[in-house]
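Now for the letters of each chain:
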Amino acid sequence: MSKLLEIALGLVTGIGGFLEAGSLATAAQAGAAFGFQLIWAIALGTIAIAVLVEMGGRLAAVSQHTLPDAMRERFGIRFFLVPLVAVVVVSFLVLASEVGGVCLALQFTTGISFRWWAVPVAVALWLFLWKGTFGMVEKGASMLGLVTLSFVVGALKLHPPLADVGAGLVPSLPAHDTAQYWFMGVSILGASVSPYLFYFYSAGAVEDGWDESYLGINRVVAGLGMTFGGTIAVAVVACATLVLHSLGIQVDRYEQLPLLLSVPLGLWGFRLFAASLAIACFGAALEIALQLAYLVAQGFGWRWGENVRPREAARFALVYTVALPLAGLLIVTGVDVLKLTIFSMALTALSLPVTVVPLLVLMNDPDYLGDRTNGWLSNGAVLAVCVLACVVALVTIPLKIMGS
Amino acid sequence: MRAASLLIGSALLTGCGPSASAKVEKATIALRSWKSTLWLAEQEEGRGAIPAKFAEQVRRAAEEEQDKARAERRKAAAE
């Protein structure tokens, strides 16, 4: 395949795969509550995830190791269990949020309660993974995910004041509800810097057989793909600000969100919203379930691969076979999907040092990267964002739980 | 880090939640927000931008959340 085509496909994957339940819900809540004021959190998160995704791809291309595999080898199985448990817990909650997102999209269009959709959706996801290939999961879902660009169209039709959007790039304190402001900021960071993104990307690079000739593609795809993806999240903030914030509407339920696109785009906006939510969450759920299987299988040295038949990598397939029904069951209980989404994003932010610091150590180890180790700028930037997100999460999560 | 742990620790120890007046204010804001949501949903349904089936779901959600907010407000006012 020509390099240009690979870059184009990679960009499509980055753009189409960026928006999911977490980034959509956090951006919409932030816009409704604080207008354009939290755009800086999206920008910060987008830069951090672009750098992390590039690192995951570089590690795979240069060392032929996936992240969990290299972590276990470098730090030993006892240490590896710490990030393993953190990522498994957080990813499971995020997986349940994504399953809930698909179910809610189906509820909006059919009128049948989302709880009834949980089992069929979990089965559909499992079937897709069981029968599908890595290309179908990665490229197929992301191509369909381009429907999320409708948020950009919606935002443009609402004519956002560009000066205010630009001002949102500079952090500023809110006039009210400071704890909620920081909690939202941290949830946005958690949604943007989801570990599943760079774990999945690194495993995908090994599945696709990347070598050092892919380093240029890796850089372009990680940088541009994530930046364009972040633009969609900014568009969601713009829609929420102009449709909801202006009327004093705060987002407490998913049922309020289709109005973001119905106002600028009419009935087609409603349909596009439902399609965006369903496709983005379905694609993200596939990637998260697969990433959980990659993580466990690679960490314990089992045979793995989405392109391998399930019977030849049975324990790998067992992981997503267990995770998906459990996520579905959580939704069947009628859990508040919006709260689950927002809290799982804040927990993701809290767990960032545990998942990111080992990666940074690996990325500075010449045994793995040779002369392709990290520069001080990427080390410093990623570490700063992760520590900031973790500390703010540590403070705001208890405050939020206490309802302060 | 130390300041953060101190803040959380003292908050947990003193059981510091929001004051009654803050709870009343939060519930009032929620009620206002749902009133505006209902108004917007009606407008959207009226111009055919959302299906009636979905408008009904918004109405049900609004009812549930408004009941919750009213109960919160009553409870806080009684404190």
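Read on for an overview of the structure. As the structure is a prediction and not an experimental result, all values here were calculated from the model.

In terms of regular secondary structure, chain B is built from three helices and zero strands. Counted from the first residue to the last, chain B has its helices and strands arranged as α-α-α. Relative to its 79 residues, chain B shows a buried fraction of 33%. Carbon and sulfur atoms make up 57% of the accessible area of chain B, which totals about 4900 Å².

Our focus in this paragraph is the packing of helix H3 (residues 39–63) of chain A against helix H10 (residues 178–192) of chain A. Residue and element names in this part refer to chain A. Contact geometry of H3 with H10 gives a least axis separation of 8 Å together with a crossing angle of 25°. In terms of orientation, H3 lies roughly parallel with respect to H10. Between H3 and H10 the crossing geometry is right-handed. Facing H3, whose interface residues are Trp-40, Ala-41, Ile-42, Leu-44, Gly-45, Thr-46 and Ile-49, H10 presents Tyr-181, Trp-182, Gly-185, Ile-188, Leu-189 and Ser-192. Partitioning the contact of H3 with H10 into residue classes produces nine nonpolar, four polar and no charged.

This part takes up helix H2 (residues 20–46) of chain B. An ideal rise of 1.5 Å per residue puts 39 Å on 27 residues; H2 of chain B measures up with 39 Å between its terminal C-alpha atoms. For H2 of chain B, the complete set of buried residues consists of Ala-27, Ala-30, Leu-31, Ser-33, Trp-34, Ser-36, Thr-37, Leu-38, Leu-40, Ala-41 and Glu-44 of chain B. On its buried face, H2 of chain B sits against helix H12 (215–243) and helix H13 (259–300) of chain A together with helix H3 (52–78) of chain B. Among the residues trailing H2 of chain B, Gly-48 of chain B stands out with phi positive, at a value near 75°.

Another point: the pattern of salt bridges. Throughout the structure, instances matching the rule amount to 14 salt bridges over all chains. We note a salt bridge from Asp-365 of chain A to Arg-74 of chain A, for which the minimum N-O separation is 2.7 Å. With Asp-365 of chain A in the loop between helix H15 (337–363) and helix H16 (366–369) and Arg-74 of chain A in helix H4 (residues 67–75), this residue pair connects regions lying 291 residues apart in the sequence. Asp-365 of chain A gets classed as buried once you look at its relative accessible area, which sits at 9%. Where Arg-253 of chain A meets Glu-64 of chain B, a salt bridge forms, and the shortest distance between an N and an O atom there is 3.0 Å. Residue Arg-253 of chain A is found in the loop between H12 and H13, and its partner Glu-64 of chain B is found in helix H3; the two belong to separate chains. On the basis of relative accessibility, which here comes to 16%, the residue Arg-253 of chain A falls in the buried class. Take Glu-64 of chain B: its relative accessible area is 40%, and that puts it in the partly exposed class.

As a further point, take the interface of chain B and chain A. Counting from both sides, the interface comprises 32 residues of chain B and, opposite them, 29 residues of chain A. Taking both partners together, chain B and chain A bury about 2600 Å²; carbon and sulfur atoms supply 67% of that area. The tally of links between chain B and chain A comes to 11 residue pairs in polar contact (both at pLDDT 80 or more). When residues of the side of chain B that touches chain A are traced back to their parent elements, those giving at least two are helix H1 (2–14), H2 and H3 of chain B. The biggest single contributor to the side of chain B that touches chain A is H2 of chain B, with 11 residues. Here the side of chain B that touches chain A is built from residues that sort into 20 nonpolar, six polar and six charged.

A separate point is the side chain of Glu-20 of chain A. Here Glu-20 of chain A shows up in the loop between helix H1 (3–16) and helix H2 (21–34). Judged by its relative accessible area of 2%, Glu-20 of chain A falls in the buried class.

We now examine the nonpolar core. Residues and elements named next belong to chain A. Among the nonpolar cores identified, the biggest contains 150 residues, and Leu-38, Leu-95, Phe-151, Phe-198, Tyr-254, Leu-260 and Leu-277 are the most heavily contacted of them. Per-element accounting of this core gives the leading share, 20 residues, to H13. Apart from the residues within four sequence positions on either side, Leu-38 is in contact with Ala-30, Gly-168, Tyr-181, Met-184, Gly-185 and Ile-188.

Rules used in this analysis
- Residues numbered from 1 in each chain as written.
- Chains lettered and ligands numbered in written order.
- Predicted model: local features only at pLDDT ≥ 70, side-chain atom pairs only at ≥ 80, totals over all residues.
- Heavy atoms only, no water.
- Helix = DSSP H or I, 4+ residues; strand = E, 2+ residues; numbered from the N terminus.
- Buried < 20%, exposed > 50% of the residue type's maximum accessible area, 1.4 Å probe, protein only.
- Areas by Shrake-Rupley, 256 points an atom, 1.4 Å probe, with all protein chains shown as cover.
- Axes fitted to C-alpha atoms, helices over the stretch in contact; angles between N-to-C directions.
- Parallel < 35°, antiparallel > 145°, perpendicular 65-115°, else oblique.
- Left-handed = near helix turned anticlockwise from the far one by under 90°.
- Contact = heavy atoms within 4.5 Å.
- Nonpolar A, V, L, I, M, F, W, Y, C, P; charged D, E, K, R; others polar.
- Expected span 1.5 Å × (residues − 1).
- Salt bridge = Lys/Arg side-chain N within 4 Å of Asp/Glu carboxyl O.
- Buried area = accessible area lost by both parts, 1.4 Å probe.
- Polar contact = N/O pair within 3.5 Å; in protein donor to acceptor, adjacent residues only side chain to side chain.
- Core = buried A, V, L, I, M, F, W, Y, C linked by side-chain atoms within 4.5 Å.

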